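Analysis of the macromolecular model
Letter by letter, the chains look like this.
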Amino acid sequence: MGGRNLLVGTVNVGAACVERRSRSEVFGYPPVRILVTPLPPGARITVSPKVVMIGQSIRLSGNDCFPPTDYVLPAYGDAVTPKPDGSWSAGGVVGDGAQVGFVPVSAACVTGADKAEVFSYPAVHIQVKTYRHLRVTPGTTVSAGTTLTVFSIGACPSRSEGDVYLQFAVAPETDVAQSFAINSSSGGEWSATLPIPQGTAPGHYMLHGQCDGDHVFLAFYSAVPITVTIGSSG
């Protein structure tokens, strides 16, 4: 949904599957050539509500996508056909697999003939909340060398397992530690132990939790701030 950030014209768009810890590429997807057209000056979307809980409904509305050749693919809900004046509205449910926190929401106007993107609407940021959260012992301020025990509050969907990892708050692309849950491959509540390596730099970190299925994320937990101090708790 980031077409407005691409150069106008025919461009190659690709993606790569990478290993999260090392950031090394596992494989690259074959690039696809797409035609990027200018964003209509008045094209905008509105989203309601701006704060939504996992499982609740959300509605997107927009303009400047004209039938009969074009239709809209919204971030939530099914594809919709615009009205003759180019306006449209779509509703959907924010499902378990939606990212939580402040997330961008957009939609794309595409052609009915080949589903090529005509343009992508400028994203609107909303806050997605979840009833799933994490309980951590011995606490959220610990020294390097401590082993955290993480408990889920809110079950994973069936056919998934819990996954927790610690990231440096000011460099979220950096994983400090990662652990998979104990006996949760069929879903349900879970726990995991997460050793914080000796030598981990003191500072502020974020503990993330998610439910992993077969190469797909099925649910996310609210992140927990963790402060790491110097030394070992013994």
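Anything mentioned here points back to the structure above.
Summarised in this report is the structure supplied together with it. As the structure is a prediction and not an experimental result, all values here were calculated from the model. (Residues numbered from 1 in each chain as written. Predicted model: local features only at pLDDT ≥ 70, side-chain atom pairs only at ≥ 80, totals over all residues. Heavy atoms only, no water.)

According to the stated counting rule, one finds two disulfides in the structure shown. The residue that forms a disulfide with C65 is C109, at a sulfur-sulfur distance of 2.1 Å. Measuring handedness by torsion sign, the sulfur bridge of C65 and C109 sits at about 80° and is right-handed. On the criterion of sequence distance, the pair formed by C65 in the loop between strand 7 (57-62) and strand 8 (70-74) and C109 in strand 11 (residues 107-111) is long-range, its members being 44 residues apart. (Disulfide = S-S within 2.5 Å. Helix = DSSP H or I, 4+ residues; strand = E, 2+ residues; numbered from the N terminus.)

The antiparallel open sheet is built from three strands, whose spatial order is 8-11-12. Edge positions in the open sheet fall to strand 8 and strand 12 (117-120), since each of these has one partner strand only. Strand-to-strand twist in this sheet, taken as the mean axis angle between neighbours without regard to direction, amounts to 25°. Here five bridges tie strand 8 to strand 11, and the two strands are oriented antiparallel to one another. Directly across from D70, in strand 11, lies its bridge partner T111. (Pairing = 2+ DSSP bridges. Axes fitted to C-alpha atoms, helices over the stretch in contact; angles between N-to-C directions.)

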